[in-house]
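Architecture at a glance
If you want the building blocks of each chain, they are given just below.
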Amino acid sequence: AWRSADAGWAAALGGGVTMLSTLAYAVVLDIGDTASAGASVATMLRAEAVKIVVIMIGLWLALTRWHGIVPGALLAAFVITVLLFSVALLTRNPRT
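Being a predicted model, the structure only gives us computed values, none of them experimental. (Residues numbered from 1 in each chain as written. Predicted model: local features only at pLDDT ≥ 70, side-chain atom pairs only at ≥ 80, totals over all residues. Heavy atoms only, no water.)

**A closer look at the packing of helix 1 (residues 5–31) against helix 2 (residues 37–65)**
Our working rule: Only the contacting stretch of a helix is used when fitting its axis, a line to C-alpha atoms as for every element, and angles between N-to-C directions run 0 to 180 degrees. Secondary structure elements are defined from DSSP: runs of H or I of at least 4 residues count as helices, runs of E of at least 2 residues count as strands, and each element is numbered from the N terminus. Should an angle fall under 35 degrees it is called roughly parallel, over 145 degrees roughly antiparallel, and 65 to 115 degrees roughly perpendicular, with every other angle called oblique. Crossing chirality is assigned from the near helix's rotation relative to the far helix, an anticlockwise turn below a right angle marking it left-handed and a clockwise turn marking it right-handed. In this description, contact between two residues means that some pair of their heavy atoms is separated by no more than 4.5 Å.
Closest axis-to-axis distance for the helix 1/helix 2 pair is 8 Å, and the angle between their directions is 155 degrees. Between helix 1 and helix 2, the angle is such that the two are roughly antiparallel. Seen from above, helix 1 lies across helix 2 with right-handed handedness. Contact residues: helix 1 offers Leu13, Val17, Leu20, Ser21, Thr22, Ala24, Tyr25, Val28 and Leu29, while helix 2 offers Thr43, Met44, Arg46, Ala47, Glu48, Val50, Lys51, Val54, Ile55, Gly58, Leu59 and Ala62.

**Details of the nonpolar core**
Counted only if it meets this: Grouping buried Ala, Val, Leu, Ile, Met, Phe, Trp, Tyr and Cys residues that are joined through side-chain atoms within 4.5 Å yields what is termed a nonpolar core. Summary of the burial criterion: residues with accessible area below 20% of their type's maximum are buried, those above 50% are exposed, and those between are partly exposed, where the area comes from a 1.4 Å probe applied to protein chains only.
Formed by Ala7, Ala10, Val17, Ile55, Leu59, Ala62, Ile69, Val70, Ala73, Leu74 and Phe78, the largest nonpolar core amounts to 11 residues. Counting residues per element, the ones that place at least two in this core are helix 1, helix 2 and helix 3 (71–90).

**Some details on the confidence of the model for the chain**
This is how it is decided: For every residue, the predictor states its confidence as a pLDDT score lying anywhere from 0 to 100.
Of the residues in the chain, 96% have a pLDDT of 70 or more, and the chain-wide mean is 89. By mean pLDDT, the top-scoring element of the chain is helix 2 (94), and the lowest-scoring one is helix 3 (87).

**Notes on the side chain of Thr81**
Note the threshold: In protein, a polar contact means a hydrogen-donor-capable atom and an acceptor-capable atom, both N or O and within 3.5 Å, with residues adjacent in sequence counting only if both atoms are side-chain atoms; elsewhere, any N or O pair within 3.5 Å suffices.
Within the secondary structure, Thr81 sits in helix 3. Here the side chain of Thr81 touches Thr18 through a polar contact of 2.7 Å, side chain to side chain. Here Phe78 takes part through its backbone oxygen, which lies 2.9 Å from a polar atom of the side chain of Thr81. Apart from the residues within four sequence positions on either side, Thr81 is in contact with Gly14, Gly15 and Thr18.

**Let's talk about helix 1**
Put simply, the test is: What a helix should span is 1.5 Å times the count of its residues minus one.
A rise of 1.5 Å per residue sets the reference length of helix 1, with its 27 residues, at 39 Å; its end C-alpha atoms lie 39 Å apart and thus fit the reference within 8%. Here helix 1 has its buried residues at Ala7, Ala10, Gly14, Gly15, Val17, Thr18, Ser21, Ala24, Tyr25 and Val28.

**Thoughts on the packing of aromatic side chains**
What counts is decided by this rule: Aromatic pairs are defined between Phe, Tyr and Trp rings, using the six-membered ring for Trp, whenever the two ring centres lie within 6.5 Å; interplanar angles under 30 degrees are classed as stacked, those over 60 as edge-to-face, and all others as tilted. A ring is considered to have a charge above it if a Lys NZ or an Arg CZ atom is located within 6 Å of its centre and within 35 degrees of its normal.
For the structure on display, the rule yields zero aromatic pairs. For the cation-ring pair, Lys51 lies above Tyr25, with the distance from its terminal atom to the ring centre recorded as 5.6 Å.

What follows is the structure, given as structure tokens:
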């Protein structure tokens with residue numbers, strides 16, 4: 001099952017859930033209030049809550065609506081992309 005087209009699509013969908021949740025986070029962060037430190041923290045918490053909701057809905061829809069899905073491929077790609085996004089935030093640009 002791991003070498004099928006369904007596994008490939010499931011993996012792409014797992015990565016897509018991460019991308020969509022990160023986009024939702026960025027949109028909420030962009031339109032939020034940053035007038036003070038407290039408002040910035042509240043905006044970040046709101047954006048993180050939206051990201052978690054998008055992840056939950058995306059994974060739920062993928063796992064319940066697509067009958068040929070390979071859950072292992074979906075979840076593996078999801079976890080890997082979440083970890084890669086976290087690592088990307090920790091890297092430094094040597095030119096700055």
